[in-house]
2 protein chains.
Amino acid sequence: MTEHELNGLFQPKGIAVIGASNNPLKAGCIIINNMIKGKFPGKLYPVNRSEENVAGLKTYARLSDIDDVVELVVLITPASAIYSIMDDLDERMASKNDVRFIVCAAADYAETKTEEGIKRQERLMQAKDKYGIRIIGPNCIGVIDTMSRVNTTFVDTGVSEDRFGPPGGISFISQSGSVAASILAWGASKVIGIRYNKFISVGNMADIDFIDLLEFLEQDPSTKVIGIYMEGYQNGKQLIKVMGRIARKKPIIILKVGRSSKGSVAANSHTSSMSGSDKVYDAAFRQYGILRVEDLWELLDTLQAFDKMRLPDGNRLFVLTQAGGPGIYCSDEISKYDFIETPMVSENTKNQLKETMPRMAAICVPEGYADITASATIRQHCDSLRYVLMDPSVDGVCFITVVTPFLPSAQLGKELSDTYWSLDEKYRKPVYFCIMAGEAVIPCRRELEQTGLVTFDSPTEAVKAAKNMIIYNMKREKETQTGQ
Amino acid sequence: MTEHELNGLFQPKGIAVIGASNNPLKAGCIIINNMIKGKFPGKLYPVNRSEENVAGLKTYARLSDIDDVVELVVLITPASAIYSIMDDLDERMASKNDVRFIVCAAADYAETKTEEGIKRQERLMQAKDKYGIRIIGPNCIGVIDTMSRVNTTFVDTGVSEDRFGPPGGISFISQSGSVAASILAWGASKVIGIRYNKFISVGNMADIDFIDLLEFLEQDPSTKVIGIYMEGYQNGKQLIKVMGRIARKKPIIILKVGRSSKGSVAANSHTSSMSGSDKVYDAAFRQYGILRVEDLWELLDTLQAFDKMRLPDGNRLFVLTQAGGPGIYCSDEISKYDFIETPMVSENTKNQLKETMPRMAAICVPEGYADITASATIRQHCDSLRYVLMDPSVDGVCFITVVTPFLPSAQLGKELSDTYWSLDEKYRKPVYFCIMAGEAVIPCRRELEQTGLVTFDSPTEAVKAAKNMIIYNMKREKETQTGQ
């Protein structure tokens, strides 16, 4: 598969939605609305036998009734309707021969392992065999491309458009539709909603699979980091090979389930995928520098870190905190990863901090740690961050503050952000901002995030993202050194 | 110390706030406002030399100027003012002899290990030595009692009063002021804000310490579960003994930091507390069934679980999911804890599920697991939960749903809640509701939580709370069996 082919999926001339609906509780309604809300600039053709128009758009009884070019067909009908729909497609292809992609959302295909389900999937796959049409799904929630504004998913995140950021560099592939929906909803609920670059729910992978999509994202210039939720894959060896190659160019963050024997049986009955020996996967991920994460939060936070920050130059992480308790907690978290080193800052840096921070501040006791105390002003927050970032021994900073009543939240965010971006490029090292706590500090976090910085709920999340960035960097450096 | 004595702290006749202020950026302003917003029914006396009134309340230049009874004095002034304040207190005690408690919020006392800091703390402690006044702090953020509406903290959670629930049974002791502030803010930011029962930031523990407070909470009838954030304690052996005794009656959930050598050095420079050998603490906690948690989220979620749910009768946890991916993920999480067992439900329960759930549902493949699929209706959600809860082999349920567009979010919550509460008491076993994902499902979660059920962000949190409930139950059962 060349990159061109899947580019077509994300930039189709004309999309037909079979099963489009005006009923707000139906997926076929939400797809159309998502596309309209998302300002999809192309042509959209609802197909529904019993409606004259859907969301104000002229609606067709059959796919073959549409005169204009349709390159992408989205199926959002019950699986039992597949036979008549494919007959209709045959008719269209006989006259127009224009459809190049199908996204098939419904479940109840081969994943059920029933005779009927397998038969339905076979009928769907005839579109590929006869016309070379490429298929996503079935048993998926569709695809999104925020660049071309194609969105065939039926997820309503409940978050208004103005809460989202601009399109970022995170592309995501999910084997589970419900995990995909959750990742979209959680991303939307972040301080500034994540607008994924490409988003693909692959479902049964009857045709287009992990490898096809990874190779597409490998060459996609707007994809900076790739996230994956995976249950299993038939050809694990080949997959790892491809992932390993891509990971040298773009970080791959994977949440693979089916670790346990019970999870593995459940995975098999879910997407009918053998999860394979988890230990083998785990070792392979490690070998190739593919970052395996433990949970959904680490997945999202790590994706954001890679998207927004530059890679650290090394593994020396400084803890700069305005709050003692969370600082200690952060040190404990860091100590879980023995490859993270303590930066030994210069006497000059120590003196700068000692001279300008509150008298009670604990500077470099222990090394690589400074507690500027709750009496620190906004200026002292900013100055301490600048001094630490400019020290050559520091590769990254966990910056913690528990916003007190004395610190206007939004102003703190703005001044920290100004401080960071006014630094010379070489000093703009990764900073993991933990701004605590809860809803009260959203104004501060929003100010930071609006300028492209990343904030975390607590040191737990910040340190996990930091260690993933460090692992990736160390792996790539090693490859460069050994000329691999 | 008898329980009576600390009851006085939480139900004082008259509170004087030294350092009360009208400046909204000062702690002395927020204390007064928190007390007014929280409808404190008692007498409040702001003390400030340069204001005639604070927040509309008559303000006194000195503590000794207040004619009425003052049992609790809150100090929110810089530590350097301690000498003149204590002189003023001496004057008051000579004539009125009414003050019984001091909450001293400011830092810069003995924790700095400076001569001056130690001297200040000694002067403060003379109030105890001379008059038997009991002292909280210094270097803390104060205390809250939601029953008596005393609130001497200066945390503005930014969450409106109507987002909070009624007073619950969670009492919390924090050695760090900033962790205390974060716990308050995170609790407030939950789907329904947590109203802690008693909340105490202990700071330097110059006088009142962990043991005093634990013994108070032990006999406090409205405290159901105790949460602790701890850095270290001089007399660890004695503390463990008291905690072990209390844990038999009320669960104690502890986040103890200083695990790592670096964290331990930082802890020492923070509250001047030796964190002690972490391994010794860890073993002791285990031995006495004191629940040590890993992070701040597990702390909060576990506290809520113990507060709201009854203890499980055993360790057999069923996974009931409407979403394949999250169900597998949940099984992986459960598999981390080998003491959690798989319930083997009866043929009758299996048949009930098979007959009423969508045809594609995977029932008990593997055992103890059911995937009712994304096509499940609200009725099917409710029926499946009821069948599983009524099976005698089930001690608890992880219930997962990724709300689809076809399920009206609030209605799903309401019907699930009705189903649960209409069951016979014996079937109202612990249910860990994972309602996914993000802001879109807040209406569903709110409906559930309003009736006293507990919801979680994802299976990660649900399983951690469940395993903590199971550990506690197993420990208590073992004690009963062995007659310990």
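This write-up is about the structure you can find in this document.

Rules of the game
Residues numbered from 1 in each chain as written. Chains lettered and ligands numbered in written order. Predicted model: local features only at pLDDT ≥ 70, side-chain atom pairs only at ≥ 80, totals over all residues. Heavy atoms only, no water. Contact = heavy atoms within 4.5 Å. Salt bridge = Lys/Arg side-chain N within 4 Å of Asp/Glu carboxyl O. Polar contact = N/O pair within 3.5 Å; in protein donor to acceptor, adjacent residues only side chain to side chain. Nonpolar A, V, L, I, M, F, W, Y, C, P; charged D, E, K, R; others polar. Least-squares fit on C-alpha atoms with pLDDT ≥ 70 in both. Phe/Tyr/Trp six-rings, centres within 6.5 Å; stacked < 30°, edge-to-face > 60°. Helix = DSSP H or I, 4+ residues; strand = E, 2+ residues; numbered from the N terminus. Buried < 20%, exposed > 50% of the residue type's maximum accessible area, 1.4 Å probe, protein only. Pairing = 2+ DSSP bridges. Axes fitted to C-alpha atoms, helices over the stretch in contact; angles between N-to-C directions.

In this complex, chain A contributes 75 residues to the contact, which on the side of chain B involves 74 residues. The interface formed by chain A and chain B contains six salt bridges. Between Arg163 of chain A and Glu439 of chain B there is a salt bridge, with its nearest N and O atoms 3.1 Å apart. For the pair chain A and chain B, the interface holds 20 residue pairs in polar contact (both at pLDDT 80 or more). In terms of residue class, the side of chain A that touches chain B is built from 35 nonpolar, 21 polar and 19 charged.

This part is about the relation of the copies chain A and chain B. You can overlay chain A on chain B at an RMSD of 0.0 Å; the transform is a turn of 180° with a shift of 0.0 Å along its axis. The superposition of one copy onto the other is thereby described by a two-fold rotation axis. Residue Trp297 of chain A of chain A places its C-alpha closer to the rotation axis than any other residue of that unit, at 5.9 Å. Looking at the interface residues of chain A, 99% of them are also at the interface in chain B, so both copies use one shared face.

Residue and element names in this part refer to chain A. Applying the stated criterion across every chain, the model contains 28 aromatic pairs over all chains. With a centroid separation of 4.6 Å and an interplanar angle of 65°, the aromatic rings of Trp186 and Trp297 are classed as edge-to-face. With Trp186 in helix H5 (residues 177-188) and Trp297 in helix H10 (residues 296-308), this pair connects stretches of sequence that are 111 residues apart. Assessed through its relative accessible area of 7%, Trp186 is described here as buried.

Before going further, it helps to examine the environment of Arg428 of chain B. All names here are of chain B. Relative to the helices and strands, Arg428 is located in the loop between helix H14 (409-421) and strand E19 (431-436). Accessibility expressed as a relative area gives 23% for Arg428, which makes it partly exposed. Each C-alpha atom, one on Arg428 and one on Asp395, is 9.8 Å from the other, the two residues being 33 residues apart in sequence. The residues contacting Arg428, other than those within four sequence positions of it, are Arg310, Tyr420, Trp421 and Leu423. Polar side-chain contacts of Arg428 include one of 3.1 Å to the backbone oxygen of Leu423.

Attention now moves to the sheet that holds strand E5 (residues 72-75) of chain B. Residue and element names in this part refer to chain B. Across the sheet, which stays open at both edges, the five strands sit in the order E2-E1-E5-E6-E7 with parallel pairing between neighbours. Only two strands of the sheet have a single partner each, and these edge strands are strand E2 (44-47) and strand E7 (134-136). Neighbouring strand axes in the sheet, compared pairwise and without regard to direction, differ in orientation by 20° on average. Two strands pair when backbone bridges link them, and strand E6 (residues 101-104) and E7 are joined in this way by three bridges, in the parallel orientation. Counterpart to Val103 in the pairing with E7 is Ile136.

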